[in-house]
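Spelled out, the chains give:
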Amino acid sequence: MAFKGIAWGVVFFFTAVIYSTIPTYLIIRFWVWLNSFPVYTLSLFMLFLWIVAIIVVLIYIVAMIRAFIQRKNEEGLGIPRGVKGFGLVSTLVIIGFMLIWYFIFGQIAFFAMIPPS
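Read on for a plain summary of the structure. Since the model is a prediction, treat every value here as computed from it, not as a measurement. (Residues numbered from 1 in each chain as written. Predicted model: local features only at pLDDT ≥ 70, side-chain atom pairs only at ≥ 80, totals over all residues. Heavy atoms only, no water.)

## Focus: a nonpolar patch on the surface
Side chains of Ile95, Leu99, Tyr102, Phe103, Ile108 and Phe111 sit close together on the surface and give an oily, nonpolar patch of about 610 Å² of accessible area. With respect to the helices and strands, Phe103 occurs in helix α4 (residues 81–105). (Patch = residues over 30% accessible without salt bridge, like charges linked within 9 Å, V, L, I, M, F, W, Y side chains within 5 Å. Areas by Shrake-Rupley, 256 points an atom, 1.4 Å probe, with all protein chains shown as cover. Salt bridge = Lys/Arg side-chain N within 4 Å of Asp/Glu carboxyl O. Helix = DSSP H or I, 4+ residues; strand = E, 2+ residues; numbered from the N terminus.)

Have a look at this one:
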């Protein structure tokens, strides 16, 4: 049972890292381009999505800590199935996408993107 809690904690850690680094990198990299439009709706919407990503990261940090602390609990971790499912599926999809992108193009997905001129 302790291994199951550690495994879920590692999955939640990778989910938090993915949802914190990729949106933060993209919002910093594309901020000047987003503000070049005469209407600032797109930049405000991207800022809103970045804040939502930060909230998701906080949820997964709490879930990671809870999984590590309650790893020896006989009744289970107490983490909802939706949090587990979304974390596992989204992490596998994004890591799979990044691996496929790397094997096809030889670049790291998301981090190789450049703003349009």
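## Side note on the nonpolar core
Of all hydrophobic cores here, the largest spans 18 residues; its most connected members are Trp8, Phe12, Ala67, Ile79, Val83 and Ile94. Secondary structure elements with two or more residues in this core: α1 (2–29), α3 (41–69) and α4. Sort the elements by how many residues they give to this core and α1 lands first, with seven residues. (Core = buried A, V, L, I, M, F, W, Y, C linked by side-chain atoms within 4.5 Å. Buried < 20%, exposed > 50% of the residue type's maximum accessible area, 1.4 Å probe, protein only.)

## Concerning α4
An ideal rise of 1.5 Å per residue puts 36 Å on 25 residues; α4 measures up with 35 Å between its terminal C-alpha atoms. Gly106 sits one or two positions beyond α4 and adopts a positive phi of about 75 degrees. (Expected span 1.5 Å × (residues − 1).)

## Digging into the packing of α1 against α4
Two quantities define a packed helix pair, namely the angle between the helix axes and the distance between the axes. Between α1 and α4, the least distance of the axes is 9 Å, while the angle of their chain directions is 60 degrees. Considering the angle they form, α1 stands oblique to α4. Remark: the crossing between α1 and α4 carries left-handed chirality. For the pair formed by α1 and α4, the contact residues are Trp8, Val11, Phe12, Phe14, Thr15, Ile18, Tyr19 and Ile22 on the first element and Val83, Lys84, Phe86, Gly87, Leu88, Ser90, Thr91, Ile94, Ile95 and Met98 on the second. Grouping the constituent residues of the contact of α1 with α4 by class yields 13 nonpolar, four polar and one charged. (Axes fitted to C-alpha atoms, helices over the stretch in contact; angles between N-to-C directions. Parallel < 35°, antiparallel > 145°, perpendicular 65-115°, else oblique. Left-handed = near helix turned anticlockwise from the far one by under 90°. Contact = heavy atoms within 4.5 Å. Nonpolar A, V, L, I, M, F, W, Y, C, P; charged D, E, K, R; others polar.)

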